[in-house]
Amino acid sequence: MYLRLTGKGNKDAIIPRPEPVLRALLAAAGDRTTGPVVLTKRGKAQNRRSADGRCKILVKRAGLPAGTHPHPMRHAAITAALDAGAPLRDVQIFARHSAPRITTRYDRGRQNQDRHAAHLVSAYIAEGSMPAS
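Residues numbered from 1 in each chain as written. Predicted model: local features only at pLDDT ≥ 70, side-chain atom pairs only at ≥ 80, totals over all residues. Heavy atoms only, no water.

A. Local environment of the environment of Ala76. The residue Ala76 is located in helix 3 (residues 70-83) in this model. In this structure the C-alpha to C-alpha distance between Ala76 and Asp107, which are 31 residues apart in sequence, comes to 7.8 Å. (Helix = DSSP H or I, 4+ residues; strand = E, 2+ residues; numbered from the N terminus.)

B. Geometry of helix 3. Helix length check: helix 3 (14 residues) gives 20 Å between terminal C-alpha atoms against 20 Å at 1.5 Å per residue, within 8%. Looking one or two places after helix 3, you find Gly85, whose phi comes out positive at around 100°. (Expected span 1.5 Å × (residues − 1).)

C. Representation of the side chain of Gln92 in the model. Along the chain, Gln92 turns up in helix 4 (residues 88-95). Residues contacting Gln92, with those up to four places away along its chain left out, are His97, Ser98, Ala99, Pro100 and Thr103. (Contact = heavy atoms within 4.5 Å.)

D. Seen up close, the nonpolar core. Counting eight residues, the largest nonpolar core consists of Ile78, Ala81, Leu82, Val91, Ala95, Ala99, Ile102 and Tyr106. Every element with two or more residues in this core is listed here: helix 3, helix 4 and helix 5 (100-106). With three residues, helix 3 is the largest single contributor of residues to this core. When near neighbours in sequence (up to four residues on either side) are disregarded, Tyr106 contacts His71, Arg74, His75, Ile78, Thr79 and His97. (Core = buried A, V, L, I, M, F, W, Y, C linked by side-chain atoms within 4.5 Å. Buried < 20%, exposed > 50% of the residue type's maximum accessible area, 1.4 Å probe, protein only.)

E. Structural detail: the pattern of salt bridges. Applying the stated criterion across every chain yields a total of one salt bridge. Put simply, Lys56 and Asp52 hold a salt bridge, and the shortest N to O gap is 3.6 Å. Here Asp52 and Lys56 lie together in helix 2 (residues 48-62), a separation of four residues that amounts to about one turn. On the basis of relative accessibility, which here comes to 47%, the residue Lys56 falls in the partly exposed class. (Salt bridge = Lys/Arg side-chain N within 4 Å of Asp/Glu carboxyl O.)

Below you can see the structure in the form of structure tokens.
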């Protein structure tokens, strides 16, 4: 299942959605076929402020630490996708980034010392050959 969104520069983006997410979006839209998908309790389009408030409620219900915000969760999702082995280009599309370098800035795992290239270089110098990966 795919969801058509209007992205930056009013360009359409067709994004695959997992089945549970799509069901939640369709339930949120109800019988409406036009206009915003997610509405506030007052029936207005959700903006960043109302989304942040909703996120705070969900964070509290989930038992996450107070002060957890949507953007760090975005970083975590991008890092998890890269750690799971998803190609950078696929993660870039998932994150709706215009360039791969933006996606790599979101990768919190890049400080992971186990994957650092210095290990390959030192093993190469010490052994005279590349280690098996």
